[in-house]
Amino acid sequence: EQDVDISPLIVHPDRFTPTYTKPMMREMDDQVHELNRIDVKNRSPLPEVIQRQLIERLRALAPGVNGMVVADQVPEANCGVITDQIRTTLSEVARSRPDLIIAADSRERIGLFRNIILKPNAHEALQALGRSPQGEVERAELETAGATLHRQNERPVFITIGAEGVLVFSEGDVQHVPGVPVTGPIDIVGAGDSVMAGIVSSLCAGAEPAEAALVGNLVASITVQQIGTTGNASRQQVLERFREYTQPRGGK
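Presented here is a report on the structure given in the accompanying data block. (Residues numbered from 1 in each chain as written. Predicted model: local features only at pLDDT ≥ 70, side-chain atom pairs only at ≥ 80, totals over all residues. Heavy atoms only, no water.)

1. Here we look at the side chain of Ser202
The residue Ser202 is located in helix α5 (residues 191–204) in this model. Residues contacting Ser202, with those up to four places away along its chain left out, are Ala207, Ala212 and Val215. (Helix = DSSP H or I, 4+ residues; strand = E, 2+ residues; numbered from the N terminus. Contact = heavy atoms within 4.5 Å.)

Right, dumping it as structure tokens:
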């Protein structure tokens, strides 16, 4: 319906599309409760034949796109699409095409990517350095982790820090891009994906890293206000939120 080319997708009878389902129960008084999550995912390694197909299609697609988003959300190593081989191929493509925007989000393995833009949250950034953070994380720790990841990759690193926004590591420097405040009930499911969409779209359009982080924050501020659903943000909504953010009510 949105004119997306799905021909490169691989369908295989022995593989699931990982699905993380959060059932919601609505009471008679319209109160909504979130029930236990139901995960459907592959628990065996991705077959070699599929990996070869993926690598062929990845290399074929790279010359015709402005950017790639790598979503590595399966905790079990090599059981999702982003296997060790695929990650190596992505690094090779990124090294050969420095103009191509490739950004990775990884629940367990963000520290293993090379030559690629990274978008971890605070805990993922510290885990990449072998730390096991508990509770709140100190800003100084995050700045050390972000600087290390930036140095390893030689690409920008965006560490999301919840409502506080994003720490951007680029050109050997760090910038804090504050979050966009919202009021009323929020649902943070998908907030990280929203930030990623805003960042990558902006970088593909020529934005500087800090500008891209601001757009990511704007997108997330819209989607978190959409309760019990995977939110989305239109261009018009992003522009309106930007005007609200930069020109508070009553201002000129």
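2. What to know about the pattern of salt bridges
Evaluated as defined, the whole model comprises 10 salt bridges. A salt bridge links Arg87 to Asp84, with the shortest nitrogen-to-oxygen separation between them at 2.6 Å. Separated by three residues within a single helix, Arg87 and Asp84 lie in helix α2 (residues 84–96), roughly one turn from each other. Since its relative accessible area comes to 7%, Arg87 is described here as buried. Across the pair Lys119 and Asp105 runs a salt bridge, and its minimum N-O distance is 3.5 Å. Of this pair, Lys119 sits in the loop between β7 (117–118) and α3 (122–127) while Asp105 sits in strand β6 (residues 101–106); the two residues are 14 residues apart in sequence, bridging distant segments of the chain. With a relative accessible area of 3%, Lys119 lands in the buried category. (Salt bridge = Lys/Arg side-chain N within 4 Å of Asp/Glu carboxyl O. Buried < 20%, exposed > 50% of the residue type's maximum accessible area, 1.4 Å probe, protein only.)

3. Some thoughts on the layout of surface pockets
Roughly 380 Å³ of volume is contained in the second largest pocket. If you trace the second largest pocket, you find 17 residues lining it, with Ser201, Val215, Val219, Arg235 and Val238 closest to the centre. For the lining of the second largest pocket, the secondary structure elements donating two or more residues are α5, α6 (209–223) and α7 (235–246). At five residues, α5 tops the list of elements feeding residues into the lining of the second largest pocket. The class makeup of the residues in the lining of the second largest pocket is eight nonpolar, eight polar and one charged. (1 Å grid on protein atoms, 1.4 Å probe; cavity = no way out; pocket = protein on both sides within 12 Å on 5 of 7 lines; lining within 4 Å. Points joined across faces, edges and corners; volume = space filled by probe spheres on them. Nonpolar A, V, L, I, M, F, W, Y, C, P; charged D, E, K, R; others polar.)

4. Considering the packing of helix α1 (residues 48–61) against α2
The geometry of α1 relative to α2 is characterised by a closest axis approach of 10 Å and an angle of 15° between their N-to-C directions. Classified by the angle their axes make, α1 and α2 are roughly parallel. Handedness of the crossing formed by α1 with α2: right-handed. In contact with Glu48, Gln51, Leu54, Ile55, Leu58 and Arg59 of α1, α2 contributes Gln85, Ile86, Thr89, Leu90, Glu92 and Val93. Looking at the contact of α1 with α2 residue by residue, the class counts come to six nonpolar, three polar and three charged. (Axes fitted to C-alpha atoms, helices over the stretch in contact; angles between N-to-C directions. Parallel < 35°, antiparallel > 145°, perpendicular 65-115°, else oblique. Left-handed = near helix turned anticlockwise from the far one by under 90°.)

5. A look at the packing of α5 against α6
The contact between α5 and α6 brings their axes to 7 Å, and the two run at 140°. What the angle tells us is that α5 and α6 run oblique. Considering only the axes of α5 and α6, their crossing is right-handed. Here Ala191, Ser194, Val195, Gly198, Ile199, Ser202 and Leu203 of α5 lie close against α6, whose contacting residues are Pro209, Ala212, Ala213, Val215, Gly216, Val219, Ala220 and Thr223. The residue makeup of the contact of α5 with α6, split by class, is 10 nonpolar, five polar and no charged.

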